[in-house]
Each structure stands twice: as C-alpha cells, then as structure tokens.
Amino acid sequence: MQKMNDEMAKVEEEIKQAIESMGYDFVGMELVHEHGRMILRIYINTAGGINIKDCEIVSRRVDKILDAKEELFGGRYYLEVSSPGLDAPLFYIKDYKANIGKTVRIRTHEPIESRRNFKGKIIDVLSNNDVKLLLEDGTCALIAFQNISKARLVPEQENDDDK
C-alpha cells in the first residue's frame, strides 16, 4: 500500500507541475469510487476563474501523463477536471491555514469522541498540524490533519442562516 501511495504522490507532483506550467493553479486531486466507477478528480483554478475550455485543455494534457501510468489504477478510470467551486475541497495543510475564519465540513478516518463528521469555523492550525475548529454548538474540536479523510469549505450562503 505504501508503494502505491508513493507512486500516486509522484504522479500527483507530475500532474501539478504540468498544470502550473500551463498557467493554472493546481488545487488538488482525489481518487474516488462513485457508482461503481473509479474517478480521478483534479481541481484547477485561476485568478479569473475556470471555464469548460480550461478543463478540456488541462484534461488533454493530464491524459497524456496518465496514459503511461494506467497500471497504477488497476484498470479503467474516469478523469474529471473541474473548478473547486464554492464548496472547495481542502487537500493540504496550507489550505487550512489559508482558510482560517471560514466554515468547513470535515470527515475523519477515525472517530473523535464517537463522531466522524464535524462542521465549524477554522480558528487555528497548530504547529503540529492539528486543525482547531469552533463548532456550531460553541465547543472546540482539535482534529489531527492526518486523521482528516475529506474536508470542504461551506459556501457563505449556508452560513447566512445564522444571521
């Protein structure tokens, strides 16, 4: 399993470099199973936003990289390239630091006090990479970055309900 992770990390770095050399921001990528299909989802952005043409251009470039790496995916997979959207996924510790003060939904690998789903405002990222959240009930949760399986920003309009 570690060899697979190492290989995926190398592929991710190669894809990141290719996308950034084209003038786009590489937001992150995830390999997910949905409806019986394996999907490699890549998120890109630019200061002016992303359109369908941008996604097509990046998809063609990434496809060429992935053609030589098919064995990594063990068969058929689908490639999706898209904008991160309003509910942007958070992949790296820098994403959490850049979004301090914003509300996120986090799912953990392992339960914390018998829960795996959290919604709250990021109030800090500690030096050990623990993410500190202020939860909706006013309590705080400390979540180790390596325990986070999935995290997304909560669009601002969802928070307007509190006003």
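Because the structure is a prediction, the values reported are computed rather than measured.

Caption draft 1: Examining the overall build of the protein more closely. The secondary structure content of the protein amounts to 4 helices and 8 strands. Secondary structure elements of the protein, listed N to C terminal, follow the sequence α-β-β-α-β-α-β-β-β-β-β-α. Along the first, second and third principal axes, the C-alpha set of the protein runs to 50 × 40 × 35 Å. Counting every position in the protein, which comprises 163 residues, the buried fraction comes to 39%. Put simply, of all contacts in the protein between residues at least 6 apart along the chain, 52% involve residues at least 24 apart. For the protein, the computed accessible surface area is about 9900 Å², with 49% contributed by carbon and sulfur atoms. Mean positive and mean negative side-chain charge positions of the protein (24 and 29 charges, respectively) differ by 1 Å.

Caption draft 2: View of the side chain of asparagine 147. With respect to the secondary-structure elements, asparagine 147 resides in the loop between strand E7 (140–144) and strand E8 (148–153). Among the residues examined, asparagine 147 registers a relative accessible area of 13% and is labelled buried. With residues up to four places along the chain from it excluded, the contact list for asparagine 147 reads Arg107, Thr108, His109, Glu110 and Ile112.

Caption draft 3: Structural view of the pairing of strand E5 (residues 115–125). Note that strand E4 (residues 103–112) and E5 share 6 bridges and pair antiparallel. Paired with isoleucine 106 across the two strands is phenylalanine 118, which belongs to E5. Turn length for the E4-E5 hairpin, with the two strands adjacent in sequence and antiparallel, is 2 residues, and the turn residue glutamate 113 shows positive phi of about 50°. For E5 and strand E6 (residues 130–135), the ladder comprises 5 bridges, and the chain directions are antiparallel. Bridge pairing links lysine 121 to leucine 134 in E6. Counting the residues between successive antiparallel strands, the hairpin from E5 to E6 contains 4 residues, one of them, asparagine 129, with a positive phi of roughly 75°.

Caption draft 4: Highlighting the nonpolar core. Ile15, Ile19, Ile42 and Leu66 are the most contacted members of the largest nonpolar core, which totals 23 residues. Counting residues per element, the ones that place at least two in this core are helix H1 (2–21), strand E1 (25–34), strand E2 (37–45), helix H2 (52–67) and strand E3 (78–82). Excluding residues that lie within four positions of it along the chain, isoleucine 42 makes contacts with Ile15, Ile19, Phe26, Gly28, Met29, Val62, Leu79, Glu80, Val81 and Ser82. Counting residues in hydrophobic clusters, the runner-up holds 17 residues, among them Val125, Leu133, Ile143 and Ile148.

Here is what the cut-offs are and how they apply
Residues numbered from 1 in each chain as written. Predicted model: local features only at pLDDT ≥ 70, side-chain atom pairs only at ≥ 80, totals over all residues. Heavy atoms only, no water. Helix = DSSP H or I, 4+ residues; strand = E, 2+ residues; numbered from the N terminus. Buried < 20%, exposed > 50% of the residue type's maximum accessible area, 1.4 Å probe, protein only. Contact = heavy atoms within 4.5 Å. Areas by Shrake-Rupley, 256 points an atom, 1.4 Å probe, with all protein chains shown as cover. Lys, Arg positive; Asp, Glu negative; His and termini not counted. Charge placed at Lys NZ, Arg CZ, Asp CG, Glu CD. Pairing = 2+ DSSP bridges. Core = buried A, V, L, I, M, F, W, Y, C linked by side-chain atoms within 4.5 Å.

Any functional reading would require information that these geometric values do not contain.
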